[in-house]
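Residue-level structure breakdown
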Amino acid sequence: MSTQLSDKDFIVLYVALSVAYFLGLFVPLMENDAAQHASMAMRMALNNDYFHIYKGNEPYLDKPHLHFWLAAWSMKLFGINHIAYRIPAFLFLAMAAACTYKLTHMLYRDRAMAHVAALMFLSAQTIVLSAHDVRTDAILTGAVIFGVYHVVAYIKNGASVHILFGGLGAAMALGAKGMVGVGIIGVCVFAYLLYSREWGQFFRWKVLLGLMSFVVGITPVLYAYYQQFDLHPEMLVRGEYGVSGVRFILWDQSFKRFSGEDFGANSPDYLFFFHSLLWVFIPFSVPLYGGVFSRTWYFIKSRFSKSNGCEFLTVGGFWMIMLIFSFSKFKLPHYLNSLIPIISILTASYLFQLGKQPAVRTTKIYLLAEYLLIGIGLALMFYLAGFAFGVPSVGGLLLVAGAGVLLARSVWSNKALTSRIVAIGIYFAAMLNIFLNTQFYPQLTQYQAGLQIAKQIREQGIEPKDIVMPDHYTNWTLDFYTQTNIERIPMDAAIQATAKYLFISAPDMEQWKAAGRSYETVAEASHYRITRLKPAFLNAETRSEQLSRYILVKVM
């Protein structure tokens, strides 16, 4: 690629994205998952109990411990707040970017390409989102690419330290989300070996070091599961007795989700992940599709014959993982997050390859696609600021304008077309996410009743431990922002509640009033499921029709 991006250009690109990430630290948590996970980690920190995970009152048997441990330890150091909760995810994404850089440089020996791959990773919309809507995926993504890089580095140079870290990466991946992370590392390494044919490295004694590192790394998670579940067969978990936590994390967690046995089938669409990439990998999804088909055709045409400067890790890993994921009965877009480092390397190397070719037609198509994306993005921002929520932060809007100036300079620069594609895409991602983190998400989160009533509880000096709520409620922001695990009780018990305060929805309040209970309303707030936006909610004129109400009453 005849790129003209200089070290100074790369620094400015990293800084622009860093501003977007930094501003995301201050956005209030969103329900359900991020606020739920934060309240679960908070329980660990408050109780100094790191071997038992609870979701409300119930033992939690789904995601493993690593994400919750890291968040709890961060809250121990920095206090119970959403910034502390997000710090581990922030650090793991930074590690993922560094490993993306290192793996690209190791595969292609091109420093500029390595920077572009790392920047593409950081600019991917799903990755930016995972830094503030924090679930387990940021930790998993960092662990997966850390493991892939170190195992491939071991294969190339045989250093013991790399196989040790490779095993540790696989252990962290299991600790973050189960065997699926270990599987992704294994598939990517297998794809690399299919083409490099360096199988001999896996028949050396040093592989035992990696296996030892993996076993030692997963031991704390296995021990925690054993303590909470295997030692208590009398515990009712998901309607069953005698549930083994160790078996769950080593087998059931991933395979039952894949078969839809635990969570049901939510999508019969075998192309779900392929079209989800269109928004997941914004702003580089169109070049990604081109890169996938270009590389696939190259290997078919060359009959998989080995050639210097080529690797199969990225395109082979892409196809294998996407096909496996596509046959899963349970699908969500963020399952692709751990694949983003790999497809970033694929897309960066493909654009560099285009930059070396005399024909520019394909490159111009990608540039036009980015111009279209900018148009859509500007229209969205104009609508949200002008008609939906207004401009709550003038300072944030100035930062958006600053990113827009850098974007405009890239559009009108005389750099190579491929360099302009990279710079335009990254500045657009920075501009869009600075806007979302300062103008949109802060406004959106105000429609979470738990968050708003938590503020009123603090203002009125109400003791959170005196509050109860029905056990089917998912208003986890009330827990987190009162720094208390609110007691949850069955609905019939809530109707007869003798606690001082009851948090309840307006429809359920009618049942409570019908029971002849006396009360005094002390706080209320509007609510909307903000992770499932609909046009009627975004429209300021029809928004009120989409809102529900929650009430905090004092029991008389």
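Read on for a plain summary of the structure.

Rules used in this analysis
Residues numbered from 1 in each chain as written. Predicted model: local features only at pLDDT ≥ 70, side-chain atom pairs only at ≥ 80, totals over all residues. Heavy atoms only, no water. Helix = DSSP H or I, 4+ residues; strand = E, 2+ residues; numbered from the N terminus. Rg over C-alpha atoms; globule rule 2.2 N^0.38 Å. Buried < 20%, exposed > 50% of the residue type's maximum accessible area, 1.4 Å probe, protein only. Areas by Shrake-Rupley, 256 points an atom, 1.4 Å probe, with all protein chains shown as cover. Disulfide = S-S within 2.5 Å. Core = buried A, V, L, I, M, F, W, Y, C linked by side-chain atoms within 4.5 Å. Patch = residues over 30% accessible without salt bridge, like charges linked within 9 Å, V, L, I, M, F, W, Y side chains within 5 Å. Salt bridge = Lys/Arg side-chain N within 4 Å of Asp/Glu carboxyl O. Lys, Arg positive; Asp, Glu negative; His and termini not counted. Charge placed at Lys NZ, Arg CZ, Asp CG, Glu CD. Pairing = 2+ DSSP bridges. Phe/Tyr/Trp six-rings, centres within 6.5 Å; stacked < 30°, edge-to-face > 60°. Lys NZ or Arg CZ within 6 Å of the ring centre and 35° of its normal. Contact = heavy atoms within 4.5 Å. Axes fitted to C-alpha atoms, helices over the stretch in contact; angles between N-to-C directions.

Structural notes on the overall build of the protein chain
- Within the protein chain one finds 23 helices and seven strands.
- Taking 24 Å as the expected radius of gyration for a compact globule of 556 residues, we find that the protein chain reaches 25 Å, a close match to that expectation.
- For the C-alpha atoms alone, the extent of the protein chain along its principal axes is close to 80 × 60 × 45 Å.
- Taken over 556 residues, the protein chain has a buried fraction of 57%.
- Accessible surface, the protein chain as shown: approximately 23,200 Å² in total, 63% of it carbon and sulfur.

Focus on the state of the cysteines
- A full pass over the atoms with the stated rule returns zero disulfides.
- For the unlinked cysteine Cys-99, the closest cysteine sulfur is that of Cys-188, found at 13 Å.
- Classification of Cys-99 as buried rests on a relative accessible area of 6%.

Brief notes about the nonpolar core
- Met-75, Leu-103, Val-148, Phe-440, Ile-453, Phe-503 and Leu-552 are the most contacted members of the largest nonpolar core, which totals 199 residues.
- Looking at this core, the element that brings in the most residues is helix α18 (residues 417–444), giving 17 residues.

Let's talk about a nonpolar patch on the surface
- A surface patch of nonpolar side chains, about 450 Å² in accessible area, is lined by Phe-190, Trp-199, Phe-202 and Phe-203.
- As for its placement among the helices and strands, Phe-202 is situated in the loop between α9 (179–196) and α10 (207–230).
- What makes Phe-202 partly exposed here is its relative accessible area of 32%.

Structural notes on unusual backbone geometry
- Along the chain, Glu-31 connects to Asn-32 via a cis peptide bond; the corresponding omega equals 10°.
- With respect to the secondary-structure elements, Asn-32 resides in the loop between α1 (7–24) and α2 (33–47).
- Cis geometry is adopted by the peptide bond preceding Pro-283, which originates at Ile-282 and carries an omega value of 15°.
- Summarising the element assignment, Pro-283 is placed in the loop between α12 (272–280) and α13 (285–301).
- A positive phi angle, close to 55°, is found at Asn-48, a residue other than glycine.
- With respect to the helices, strands and loops of the structure, Asn-48 is situated in the loop between α2 and β1 (54–55).

Focus on a positive patch on the surface
- A cluster of basic residues, Arg-109, Lys-156, Arg-197 and Lys-306, forms a positive patch at the surface.
- Within the fold, Arg-109 resides in the loop between α4 (82–108) and α5 (111–123).
- In this structure Arg-109 comes out as exposed when scored by relative accessible area, which is 60%.

Re the pairing of strand β7 (residues 548–555)
- Pairing of strand β5 (residues 501–505) with β7, which is carried by five bridges, proceeds in the antiparallel orientation. Its bridge partner lying in β7, Leu-502 is registered against Val-553.
- Relative to β7, strand β6 (residues 519–527) is paired through eight bridges, and the arrangement is antiparallel. Across the sheet, residue Ala-525 finds its bridge partner in β7, namely Tyr-550.

Focus: the packing of aromatic side chains
- Tallying each qualifying case throughout the model produces 37 aromatic pairs.
- Between Phe-22 and Phe-26 the ring centres are 5.1 Å apart and the planes differ by 75°, which places this aromatic pair in the edge-to-face class.
- Overall, Phe-22 belongs to the partly exposed group, its relative accessible area being 46%.
- Ring pairs connect the aromatic residues Phe-389, Phe-440, Tyr-441, Tyr-447, Tyr-528 and Phe-537, which therefore count as one cluster.
- Positioned above the aromatic ring of Tyr-270, the side-chain terminus of Lys-331 is 5.7 Å from the ring centre.
- Sitting above the plane of the Phe-537 ring, Arg-543 keeps its charged end 5.4 Å from the centroid.

Looking at the environment of Tyr-270
- Looking at the secondary structure, you find Tyr-270 in the loop between α11 (245–259) and α12.
- The contact partners of Tyr-270, leaving out residues within four places of it in the chain, are Ser-326 and Phe-327.

Thoughts on the pattern of salt bridges
- A full pass over the atoms with the stated rule returns 12 salt bridges.
- A salt bridge links Asp-33 to Arg-135; the nearest nitrogen and oxygen atoms lie 3.4 Å apart. Of this pair, Asp-33 sits in helix α2 while Arg-135 is found in the loop between α6 (125–132) and α7 (137–157), placing the two residues 102 residues apart along the sequence.
- By relative accessible area, Asp-33 is classed as partly exposed at 30%.
- The partner of Lys-63 in a salt bridge is Asp-62, with the nearest N and O atoms 3.2 Å apart.
- Take Lys-63: its relative accessible area is 12%, and that puts it in the buried class.
- For Asp-62, a relative accessible area of 8% corresponds to the buried category.
- Overlapping salt bridges, with partners in common, bring together Asp-33, Asp-133 and Arg-135 in one network.

As for the environment of Leu-373
- Relative to the assigned elements, Leu-373 resides in helix α16 (residues 361–388).
- Along the backbone, Leu-373 and Gly-178 are 195 residues apart, and their C-alpha atoms lie at a distance of 36 Å.
- With residues up to four places along the chain from it excluded, the contact list for Leu-373 reads Ile-282, Pro-283 and Phe-428.

So, the sheet that holds strand β4 (residues 487–489)
- Read across the sheet, five strands follow the order β4-β3-β5-β7-β6 without closing on themselves; strand pairing throughout is mixed. Two strands close off the open sheet at either side, each with one partner strand: β4 and β6. Going across the sheet, the axis of each strand differs from the next one's by a mean of 25°, ignoring polarity.
- Seen against the sheet, helix α19 (residues 449–460) touches β3 (467–470), β5, β6 and β7 and runs at an angle of roughly 140° to β6.
- Together, β5, β6 and β7 form the strand contacts of helix α22 (residues 506–514), whose direction differs from that of β5 by roughly 125°.

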